[in-house]
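Breakdown of the fold
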Amino acid sequence: MDGSLGTFVYTANPARVIFGSGTWGRLPDEVERLGLKRVLILSTPPQADDAQALADRLGGRCAGVFSGAVMHTPVDVTEAALEIVHERGVDGFVAIGGGSTTGLGKALALRTDLPQIVIPTTYAGSEMTPILGETAGGKKTTQNTPKVLPEVVIYDVDLTMSLPRNLSGTSGINAIAHAVEALYARDRNPIIDMMAAEAVGALADALPRINIEPGDHDARAKALYGAWLCGACLGAVGMSIHHKLCHTLGGTFDLPHAETHSIVLPHALAYNAPAVPDVIERLKRVLNTDNPPLALYDLGAKVGAPRGLKDVGMPEDGIDRATELALANPYWNPRSLEESAIRGLLQRAWRGEPPVIE
Ligand code: NAD
């Protein structure tokens, strides 16, 4: 533990977690434990076969498969699934996949109050948060409500083995960003600090190993464990400049989610470093480095993440617009937002240069 304990609030988000290898086989027991008789299985179109395998395993307790989940939880997709829920008397959901499928399960739970079992296959961490982002008419709205929290989460390392190399790296650094920002959140607390530090260490060790050998089961297990903890951090405390920048950049320039996080994180941490010396000290120990922002920049290189925002489609003349938007309606941040320093941060991130602590 670092520093004095002080006064804090810690809200534990309820969920039963099963972690391991081959754990998806426990699904029938978990369905029975919840007393469910007619579950609907959810997935994206590419994971329809995995969803069908679960349906076969569940036999009579499965009311059907809906494999129409897509990114950003469009409301029309949720409504199409909702029709099946009503037609077939569905009494619970099983979501297998990444954040897109989990999002659909959460949107259905919000509307029906039915229980969810989530089987995550990426490192996005949505299964641990009470956050739901939905899109309608091209506009994304986000809400925070315990109604969308799953009842059970089954982490099965075996199901993550097929996650492609590049997606594993950027999805993993995206997860690290949740933990890093949790360490300096306004509502940080010792329990989340502990999870965040453990998560950063686990992912920083596992991701380069996965990049070298995607079939490294031990590294995959460590990454999934780290991603679980990162999701718990995201669900428990507020986020700061890093998440604000990524949401602004993603929404304004339609940049890819995980890649944008990978590029921005070292720069956002460097920006905040002078304001959070205790966090930097902790990260030095966890990452075994004397320069944590640079270590995260190097981690991006090791996992093959794109280097600069210019590489993921952001126009150079967007830097001024992004600076303006980042300063408008800011999230709370440990260092006050200084326009010229934010512009400098974005210029370096755009060019793909190493982070600079000023
Ligand atoms: P995703 O769920 O869209 O998955 C990306 C692609 O990878 C999909 O085609 C999927 O079928 C495929 N895939 C997933 N697992 C695989 C595996 N093991 N092997 C092979 N292919 C696999 O992407 P994501 O990054 O997991 O989630 C992104 C979405 O989640 C975004 O919409 C984001 O906003 C949301 N999100 C929400 C929260 C929250 O707390 N609400 C947190 C994180 C992310």
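Residues numbered from 1 in each chain as written. Predicted model: local features only at pLDDT ≥ 70, side-chain atom pairs only at ≥ 80, totals over all residues. Heavy atoms only, no water.

Looking now at the packing of aromatic side chains. Enumeration over the complete set of coordinates arrives at five aromatic pairs. Note on Phe19 and Tyr225: the rings are 6.4 Å apart at their centroids and 80 degrees apart in plane angle, and the pair reads as edge-to-face. On the criterion of sequence distance, the pair formed by Phe19 in strand β1 (residues 16-20) and Tyr225 in helix α7 (residues 217-236) is long-range, its members being 206 residues apart. Relative accessible area serves as the criterion here: at 32%, Phe19 is assigned to the partly exposed category. Looking at Tyr225, the relative accessible area reads 28%, which means it is partly exposed. On the numbers, 5.5 Å between centres and 25 degrees between planes, the contact of Tyr155 with Trp228 is stacked. Taken together, the residues Tyr155 in strand β8 (residues 152-156) and Trp228 in helix α7 connect sequence positions 73 residues apart. On the basis of relative accessible area, Tyr155 is assigned to the buried category, the value being 1%. Joined through ring pairs, the aromatic side chains of Phe19, Tyr155, Tyr225 and Trp228 make up one cluster. (Phe/Tyr/Trp six-rings, centres within 6.5 Å; stacked < 30°, edge-to-face > 60°. Helix = DSSP H or I, 4+ residues; strand = E, 2+ residues; numbered from the N terminus. Buried < 20%, exposed > 50% of the residue type's maximum accessible area, 1.4 Å probe, protein only.)

What follows covers the nonpolar core. If you look at the biggest cluster of nonpolar residues, it comprises 47 residues, and the most contacted ones within it are Tyr123, Ile176, Val180, Leu207 and Leu296. Elements represented by at least two residues in this core include exactly β8, α5 (165-183), α6 (190-212), α7, α9 (257-272), α10 (277-287) and α11 (292-302). It is α7 that provides the largest number of residues to this core, a total of nine residues. Looking at which domains feed residues into this core, each of domain 1 (16-160) and domain 2 (165-351) gives three or more. Membership of the second largest hydrophobic core comes to 22 residues, among which are Leu245, Cys246, Val264 and Leu309. (Core = buried A, V, L, I, M, F, W, Y, C linked by side-chain atoms within 4.5 Å. Domains from an automatic or database assignment.)

Right, let's talk about the site of the ligand for a bit. As a matter of local geometry, the ligand sits amid 21 residues, with Thr44, Ser100, Thr121, Thr122 and Thr129 nearest to it. A distance of 2.7 Å separates an oxygen atom of the ligand from a polar side-chain atom of Thr44. Within the side chain of His72, an N or O atom sits 3.4 Å from an oxygen atom of the ligand. Counted by class, the shell around the ligand contains eight nonpolar, eleven polar and two charged residues. (Near = heavy atom within 4 Å. Polar contact = N/O pair within 3.5 Å; in protein donor to acceptor, adjacent residues only side chain to side chain. Nonpolar A, V, L, I, M, F, W, Y, C, P; charged D, E, K, R; others polar.)

This structure, assessed with the given rule, holds zero disulfides. Of all cysteine sulfurs, the one in Cys233 lies closest to Cys230, which takes part in no disulfide; the gap is 6.0 Å. (Disulfide = S-S within 2.5 Å.)

What follows concerns empty space enclosed by the protein. Scanning all chains against the criterion turns up three cavities of 30 Å³ or more. Of the pockets and cavities examined, the largest cavity occupies roughly 50 Å³. Lining the largest cavity are His267, Ala270, Tyr271, Arg335, Ala341, Leu345, Arg348, Val356 and Glu358. Secondary structure elements with two or more residues in the lining of the largest cavity: α9 and α13 (339-351). (1 Å grid on protein atoms, 1.4 Å probe; cavity = no way out; pocket = protein on both sides within 12 Å on 5 of 7 lines; lining within 4 Å. Points joined across faces, edges and corners; volume = space filled by probe spheres on them.)

Moving on: the side chain of Ser126. Within the secondary structure, Ser126 is located in the loop between β5 (116-120) and β6 (131-136). Residues in contact with Ser126, not counting those within four places in the same chain, are Gly99, Thr102 and Lys106. (Contact = heavy atoms within 4.5 Å.)

The positions UniProt marks with the feature "domain: Alcohol dehydrogenase iron-type/glycerol dehydrogenase GldA" (unreviewed entry) are residues 14-156. With 32% helix and 29% strand, the stretch residues 14-156 has end C-alpha atoms that lie 19 Å from each other. (UniProt positions renumbered as here; feature names shortened; annotations may be inferred.)

Turning next to the domain arrangement of the chain. Structurally, the chain comprises domain 1 (16-160) and domain 2 (165-351). The C-alpha centroid of domain 2 is placed 27 Å from the C-alpha centroid of domain 1. The partner domain 2 presents 19 residues to the 16 residues of domain 1 that form the contact. A buried area of about 1,500 Å², summed over both sides, lies between domain 1 and domain 2, and 73% of it is on carbon and sulfur atoms. Of all residues in domain 1, Phe19, Tyr123 and Val157 bury the most surface against domain 2, accounting for 44% of the area lost on that side. Along the contact surface separating domain 1 from domain 2 lie five residue pairs in polar contact (both at pLDDT 80 or more). Only β1 and β8 provide two or more residues apiece to the side of domain 1 that touches domain 2. Of the residues belonging to the side of domain 1 that touches domain 2, the class tally is nine nonpolar, five polar and two charged. (Buried area = accessible area lost by both parts, 1.4 Å probe.)

Pairs can form between side chains of opposite charge once their charged atoms are near each other. Following the criterion strictly, the structure yields 16 salt bridges and no others. Salt-bridge contacts for Lys222 lead to Asp205; the nearest nitrogen and oxygen are separated by 2.8 Å. Highlighted residues: Lys222 in helix α7 and Asp205 in helix α6, separated in sequence by 17 residues. Here Glu353 ties to Arg351 by a salt bridge, and the two come within 2.6 Å at their closest N and O atoms. When salt bridges that share partners are traced, they join Asp205, Arg209, Asp216, Asp218 and Lys222 into one network. (Salt bridge = Lys/Arg side-chain N within 4 Å of Asp/Glu carboxyl O.)

Residues Leu5, Phe8 and Tyr10 make up a contiguous nonpolar surface patch of roughly 270 Å² in combined accessible area. Looking at the secondary structure, you find Leu5 in the segment before β1. (Patch = residues over 30% accessible without salt bridge, like charges linked within 9 Å, V, L, I, M, F, W, Y side chains within 5 Å. Areas by Shrake-Rupley, 256 points an atom, 1.4 Å probe, with all protein chains shown as cover.)

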